[in-house]
Amino acid sequence: MQAVYAKSIDPDDPLDGLVVGERPEPVPSAGWAVVEVKAAGLNHHDLWSLRGVGLKSEQLPMTLGCDAAGIDVETGDPVIVHSVVGSAGWTGDETLDPERTIFSERHQGTFAQYVAAPRRNLVRKPESLSFVEAACLPTAWLTAYRMLFTRGEVRPGQTVLVQGATGGVASAAIALARSSGCRVWVTARTESKLKAALDIGADAAFLTGERLPEPVDVVIETVGEATWAHSVRSLKPGGTVVISGATTGPNPPAVLNRIFFLQLKVIGSTMGTRAELGALLTLLDSTGLRPRVDREVPLSAAREAFEAMAAGELVGKAVLTLP
């Protein structure tokens, strides 16, 4: 079958190891199912994998991709593949399972004509969502949902600051926070991205590091070193910063004095649960809210999408499509 996979790892030139070629079709284990993939969303995780983060050379070749929507080969049902794979016997919140993984780390990923997944990871796709829209949800949109509503405990009427406004998680956070009745402020590096964030639904947009008109209740942080100090400075006393990524680096100055003096809360968040994915689908189905798709690219032209993401050109999601 045709697939997009990593043949080698290079921290400095990750796309050098990217291949579009032939891979064996999956053979499902007991309790697993095969999904014919119709669409698969691209995430920064895919670039990090090519850099060797979470993926070792001895695991290669590895089909990339965390997200997929398609057809359950056995039942014919349209499904979304939940990205978090818990260990056998784990019960409860699978994001807290110390042995959890996501597709393309231990198990072959979703950028292929077919993917094998635990049957418990298959969630029926609502008819109101296209396969392309559905493929945006299991990583970026689910991460944003958990950051806002589970970990950040965001409430209507609060002010939420989203750093790095046009990435996949950030653009999802803008749309979800706005739909929940929050005032949403964003930051971005360029005027064009500020405009794009306003188009997505932000109430106000500021250049990265710019002083805000007033402190905010919650900060959604995925950028890391480049925005961390600004995130901490932007919170009102007792405010919360929720962090799920650090694309510009993981080790900024901690600003501990401000954190303890203002009693700020720093909360980590990773992916989301199958139950949260179900709640997210209900929200989209009932409200008409939809992911912003920057571009649809055939699987055979996946390098184009990877290059656009690596260059920071995307506003919303890039989605690989299959017939």
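Above: the structure in question.
Read on for an overview of the structure. (Residues numbered from 1 in each chain as written. Predicted model: local features only at pLDDT ≥ 70, side-chain atom pairs only at ≥ 80, totals over all residues. Heavy atoms only, no water.)

**What about helix H5 (residues 191–200)?**
Item 1. Among the residues making up H5, those that are buried are Lys 193, Leu 194, Ala 196, Ala 197 and Ile 200. Taken down its axis, H5 places every buried residue within 160 degrees of arc, on the same side. In H5, the exposed positions angled more than 90 degrees off the buried face are occupied by Glu 191, Ser 192 and Lys 195.
Item 2. Gly 201 lies just past H5 and shows a positive phi near 140 degrees. (Buried < 20%, exposed > 50% of the residue type's maximum accessible area, 1.4 Å probe, protein only. Helix = DSSP H or I, 4+ residues; strand = E, 2+ residues; numbered from the N terminus. Arc of directions from axis to C-beta.)

**Overview of the packing of aromatic side chains**
Item 1. Scanning the model with the defined rule gives three aromatic pairs in all.
Item 2. Between Phe 111 and Phe 306, the aromatic rings sit 6.2 Å apart at their centres with planes inclined by 90 degrees, giving edge-to-face as the arrangement. A residue pair is termed long-range when its members are at least 10 positions apart, and Phe 111 in the loop between strand S8 (101–102) and strand S9 (114–118) and Phe 306 in helix H9 (residues 302–310) qualify at 195 residues.
Item 3. Among the residues examined, Phe 306 registers a relative accessible area of 0% and is labelled buried.
Item 4. Ring centres 5.0 Å apart and planes at 70 degrees place the aromatic pair Tyr 145 and Phe 149 in the edge-to-face group. Highlighted residues: Tyr 145 and Phe 149, both in helix H3 (residues 137–151), separated by four residues, approximately one helical turn.
Item 5. Since its relative accessible area comes to 24%, Phe 149 is described here as partly exposed.
Item 6. The aromatic ring of Tyr 5 is capped on one face by Arg 23, whose charged end is 5.6 Å from the ring centroid.
Item 7. Cation over ring: Lys 125 sits above Phe 131, and NZ or CZ is 4.8 Å from the ring centre. (Phe/Tyr/Trp six-rings, centres within 6.5 Å; stacked < 30°, edge-to-face > 60°. Lys NZ or Arg CZ within 6 Å of the ring centre and 35° of its normal.)

**Remarks on the pattern of salt bridges**
Item 1. Within this structure, the stated rule accounts for 13 salt bridges.
Item 2. Linking Asp 93 and Arg 146 is a salt bridge whose minimum nitrogen-to-oxygen distance equals 2.9 Å. Here the residue Asp 93 occupies a position in the loop between strand S7 (84–85) and S8, and Arg 146 occupies one in helix H3, the gap between them amounting to 53 residues.
Item 3. Judged by its relative accessible area of 22%, Asp 93 falls in the partly exposed class. (Salt bridge = Lys/Arg side-chain N within 4 Å of Asp/Glu carboxyl O.)

**Things to note about the environment of Pro 252**
Item 1. The topology assignment puts Pro 252 in the loop between strand S15 (235–243) and helix H7 (256–261).
Item 2. Remark: the alpha-carbon pair of Pro 252 and Ala 229, spanning 23 residues in sequence, is separated by 7.7 Å.

**Observations concerning the sheet that holds S15**
Item 1. Sheet architecture is open: six strands sit in the order S13-S12-S11-S14-S15-S16, paired in parallel fashion. The open sheet terminates on both sides in strands that have one partner only, identified here as strand S13 (204–207) and strand S16 (265–268). On average, each strand axis in the sheet is tilted by 20 degrees relative to the strand beside it, whichever way the strands run.
Item 2. Here S15 runs beside S16; their pairing, made up of four bridges, is parallel. Note that in S16 the partner of Thr 240 across the bridge is Lys 265.
Item 3. Across the face of the sheet, helix H4 (residues 168–179) comes into contact with strand S11 (159–162), strand S12 (183–188) and strand S14 (216–221) while running at roughly 165 degrees to S12. (Pairing = 2+ DSSP bridges. Axes fitted to C-alpha atoms, helices over the stretch in contact; angles between N-to-C directions. Contact = heavy atoms within 4.5 Å.)

**Points about helix H1 (residues 44–51)**
Item 1. Taken residue by residue, H1 has His 45, Asp 46, Leu 47, Ser 49 and Leu 50 as its buried positions.
Item 2. Contact partners of the buried residues in H1: strand S1 (2–6), strand S2 (18–22), strand S3 (32–41), S8 and H9.
Item 3. Backbone geometry just after H1 places Gly 52 at a positive phi near 95 degrees.

**Focus on the sheet that holds strand S4 (residues 62–63)**
Item 1. Pairing in this open sheet of three strands is antiparallel, and the strands run S2-S1-S4 from one edge to the other. Because the sheet does not close on itself, it has two edges, and the strands there are S2 and S4.

**Description of unusual backbone geometry**
Item 1. Residue Leu 60 is joined to Pro 61 through a cis peptide bond whose omega torsion reads -5 degrees.
Item 2. Within the secondary structure, Pro 61 sits in the loop between H1 and S4.
Item 3. At Glu 153, a residue that is not glycine, the phi angle is positive and equals roughly 50 degrees.
Item 4. You can see Glu 153 is positioned in the loop between H3 and S11.
Item 5. The exposed category is assigned to Glu 153, whose relative accessible area is 56%.
Item 6. In this structure, Met 271 is a non-glycine residue whose phi angle is positive, near 50 degrees.
Item 7. Following the sequence through the fold, Met 271 ends up in the loop between S16 and helix H8 (274–287).

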